[in-house]
Amino acid sequence: MRMIQRGIEKGLEALYPSNIYCISCGSIIDKTRDYALCDVCMETFHWLGQKTCGKCGKILPEDYRHELCYDCRTFGHDFDRGFTCVQYGLYERGVLMDYKYKGKSYIGRKLGDILYDRMSLEAADFDLVVPVPMYRKKQNQRGYNQAAIMARRFAQRRQKPCAAELLQRTRKTPPMKGLGAFERHENLKGAIAVSRDNPYSLEGRRILLIDDIYTTGSTLDECSRVLREAGASRVYVLTFACGTNRKPRQ
Ligand SMILES: [Zn+2]
Ligand SMILES: [Zn+2]
């Protein structure tokens, strides 16, 4: 299965060659540009600011008066610490839409490079890289799991093992949009599990979970909970983009 997956990704890479057009606006660029982004898009992206939440890593307004964002102060999390690269705006959204819904799987490698540079700014260390899983049927329809491509690229550059099949979605979950924290939690109950034929021991291991976007963190929380139950000692979370806080000024 894994080989087939790689084959599909390779096929898509050939169909949509990377590093010719900017992954955000589509203008022609040369191959030397970082992350295959043109200068304008590099400037326009909402990169990480000085002020971030000390728990989930969400970007906070510069004049924010707390160490933790409203969500982290109110709900808490099952992971130890989160890190993110950009705030989810119009351009960032465009890149993720192309990546997830237009078959442009090669974008995942560029996002993996962004994650790599982002994480090299942090002291947090980990033993194993794990992507957030997709429901198998959905993944087969799309042809790839977007988090897995990013995770594999990241792990390759960081020279850490990537357990792309470690977590699995055991059932389909309804869309989370518009749901409150409690409903999201209920939605996810028992929907994520450690694969039975997982070859990695999780006992005492530090895991870095990877996903494309961080919104409320409920899926990442559920993954973290499951990993901890399986013995993981620490769980870190790394995403390309983060949403804004529910109450940014509090
Ligand atoms: Zn551009
Ligand atoms: Zn937070």
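Scroll up to find the structure.
What comes next concerns the included structure. None of these values were measured; they are calculated from a predicted model.

Cut-offs and rules
- Per chain, the residues get numbers from 1 upward, laid out in the order the sequence is written.
- A letter from A marks each chain and a number from 1 marks each ligand, given out in the order of writing.
- It should be noted that, the model being predicted, local features are given only for residues of pLDDT at least 70 and side-chain atom pairs only at 80 or more, the latter also being counted only at that level, while totals for whole chains, interfaces and linings use all residues.
- Side-chain numbers here rest on the full set of heavy atoms in the structure, without hydrogens or water.
- Metal donors: N, O and S atoms at distances within 2.8 Å, or within 3.2 Å for Na, K and Ca, with water omitted from the atom set so that some sites may seem incomplete.
- Relative accessibility thresholds used throughout: buried, under 20% of the residue-type maximum; exposed, over 50%; partly exposed, between the two (1.4 Å probe, protein chains only).
- Starting at the N terminus, helices and strands are each numbered in turn, a helix being any DSSP run of H or I of at least four residues and a strand any DSSP run of E of at least two.
- Any two strands with at least two DSSP-identified bridges between them are counted as paired.
- When the strands point away from the viewer, a crossover counts as right-handed if the route from the first strand across the helix to the second turns clockwise.

Below, the discussion takes up the coordination of the zinc ion (ligand 1). Only Cys22 (SG), Cys25 (SG), Cys38 (SG) and Cys41 (SG) from the protein reach the zinc ion (ligand 1) as donors, at distances of 2.3 Å. We note that the donor set of the zinc ion (ligand 1) lies within a single chain, spaced as C-x2-C-x12-C-x2-C. By the burial criterion, Cys38 is buried, and Cys41 matches it.

This paragraph deals with the pairing of strand β5 (residues 206–214). Among the 9 residues in β5, 8 count as buried, and that is most of the element. Note that strand β2 (residues 128–131) and β5 share 4 bridges and pair parallel. Within β5, the residue paired with Pro131 across the bridge is Ile210. The sheet contact formed by β5 and strand β6 (residues 234–242) spans 8 bridges and is parallel. Opposite Arg206, over in β6, you have Arg234 as the bridge partner. The parallel pair β5 and β6, bridged by helix α9 (residues 218–229), forms a crossover whose chirality is right-handed.

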